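Notes for the structure review
In case you want the letters, here they are:
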Amino acid sequence: MQPHGIGALLDAEGSDKGLWYGGLYGVLLEPSREQIRCVVEIGIGTVIPEAAGSMFGIGNDNYRPGGSLRAWRDFLPNAAVHGVDVAADTQFTGEGRITTHLCNSTDTEQSAAMLRSIAPLVPDLVIDDGLHVEAGQIATLRNFFPALRPGGLYVVEDVLETAIPGILEALQTIDPECDFFVDRSWGECVAIIARKPTGQNKASRTRRPARWLEAHRQGLQAALAASKKRRRTMADIVRGSRRRLRYLIGN
Ligand SMILES: C[S@@+](CC[C@H](N)C(=O)[O-])C[C@H]1O[C@@H](n2cnc3c(N)ncnc32)[C@H](O)[C@@H]1O
């Protein structure tokens, strides 16, 4: 039988993203997966060993560039899936609903050109799984967050604890009205999730936390309780893969 949950789809593609973030994405996206029309993921997954953020030695043996893009395509039945990467080996054509773009997400002009190329589509979901260093995550946020449709979601994966204040500060300057949370549900693999405001219900938002945040918090707690076995600590990551640690600290 074909896998259908996002975690299982990512696992089947050989990406490590299912292990770290499958639970988060299941809770975040399962309820709206048929409504999502456009996903942009920064970081397609080069397998060039010496490239920054390479999947070489991290993905499973069956991993090939675009593993997570194929999982999004299969999980989000109505979405166009756009991948952005700086590495040439990540570019491919001929796979339904997937388009790859050679683009440095930290470069304002290249990012704007990429976004113009997909117009009139606007992203419902942007995932930053590219350059996992604070300055790169902030530059990418500045380039892609404003392009989200109102109500759209932006996820920054693999955020270091030390990078959280800087990223949240940048988010406040980009859009002071946006909602966000920091997800630490999956051990040391921290993510920041932000939602672009819809411009509606501002008055009620000032009186109580946004409902979507509450729902996700509760969903994440339940998902976490159901899968304690998958939770890992940094010590496990170090034991499992020194490359992974280097990658987390951005070298
Ligand atoms: C961890 S891999 C992505 C894995 C993929 N999302 C998956 O789960 O199958 C990170 C990718 O980010 C790319 N990358 C690094 N810096 C980037 C940048 N400034 N702009 C776009 N992509 C970048 C790397 O070339 C690498 O392919």
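In what follows, the structure referred to is the one given above.
This structure is a prediction, so every number in the text was calculated from the model and none was measured.

Looking only at helices and strands, the chain features 10 helices and 7 strands. Residues classed as buried in the chain amount to 41% of the 251 residues present.

With that settled, consider the site of the ligand. Near the ligand there are 26 residues, and of these Gly-43, Gly-45, Gly-53, Ser-68 and Leu-131 occur at the shortest range. Elements with a contribution of two residues or more to the shell around the ligand: strand 1 (38-42), helix 3 (67-75) and strand 2 (80-85). Of the residues contributing to the shell around the ligand, the split by class is 9 nonpolar, 13 polar and 4 charged.

This part covers the sheet that holds strand 1. Judged by pairing direction, the sheet is mixed, and its 7 strands sit side by side in the order 3-2-1-4-5-7-6 without closing on themselves. Here the strands that pair on one side only, and so sit at the sheet edges, are strand 3 (98-102) and strand 6 (179-183). Strand-to-strand twist of the sheet, defined as the mean angle between neighbouring strand axes without regard to direction, takes the value 15°. Against the sheet, helix 2 (residues 17-29) contacts strand 5 (153-159), strand 6 and strand 7 (190-195), and its axis sits at roughly 15° relative to strand 7.

One finds Val-39, Trp-72, Ile-167 and Ala-191 to be the most contacted residues of the largest nonpolar core, which totals 51 residues. Sorting elements by how many residues they give to this core places helix 2 first, with 7 residues. Residues within four places of Trp-72 in sequence aside, it is in contact with Val-39, Glu-41, Ala-79 and Val-81.

Turning our attention to the environment of Ser-32. Within the secondary structure, Ser-32 is located in the loop between helix 2 and strand 1. By the C-beta count within 10 Å, which is 13 here, Ser-32 ends up partly exposed. Sequence separation between Ser-32 and Leu-76 is 44 residues; the distance between their C-alpha atoms is 8.9 Å.

For the rest of this paragraph, the subject is unusual backbone geometry. Residue Pro-120 follows Ala-119 across a cis peptide bond; omega there is 10°. In this structure, Pro-120 sits in the loop between helix 4 (108-118) and strand 4 (125-128). Residues other than glycine seldom take positive phi values, yet Arg-97 does so here, at roughly 65°. By the element assignment, Arg-97 lies in the loop between strand 2 and strand 3. Residue classification places Arg-97 among the partly exposed residues on the basis of 17 C-beta atoms within 10 Å.

So, how was this worked out
Residues numbered from 1 in each chain as written. Predicted model: local features only at pLDDT ≥ 70, side-chain atom pairs only at ≥ 80, totals over all residues. Helix = DSSP H or I, 4+ residues; strand = E, 2+ residues; numbered from the N terminus. Buried ≥ 20, exposed ≤ 12 C-beta atoms within 10 Å, placed from the backbone. Near = placed C-beta within 6 Å. Nonpolar A, V, L, I, M, F, W, Y, C, P; charged D, E, K, R; others polar. Pairing = 2+ DSSP bridges. Axes fitted to C-alpha atoms, helices over the stretch in contact; angles between N-to-C directions. Contact = placed C-beta atoms within 7 Å. Core = buried A, V, L, I, M, F, W, Y, C linked by C-beta atoms within 7 Å.

Limitation: the analysis is restricted to geometry and does not speak to function.
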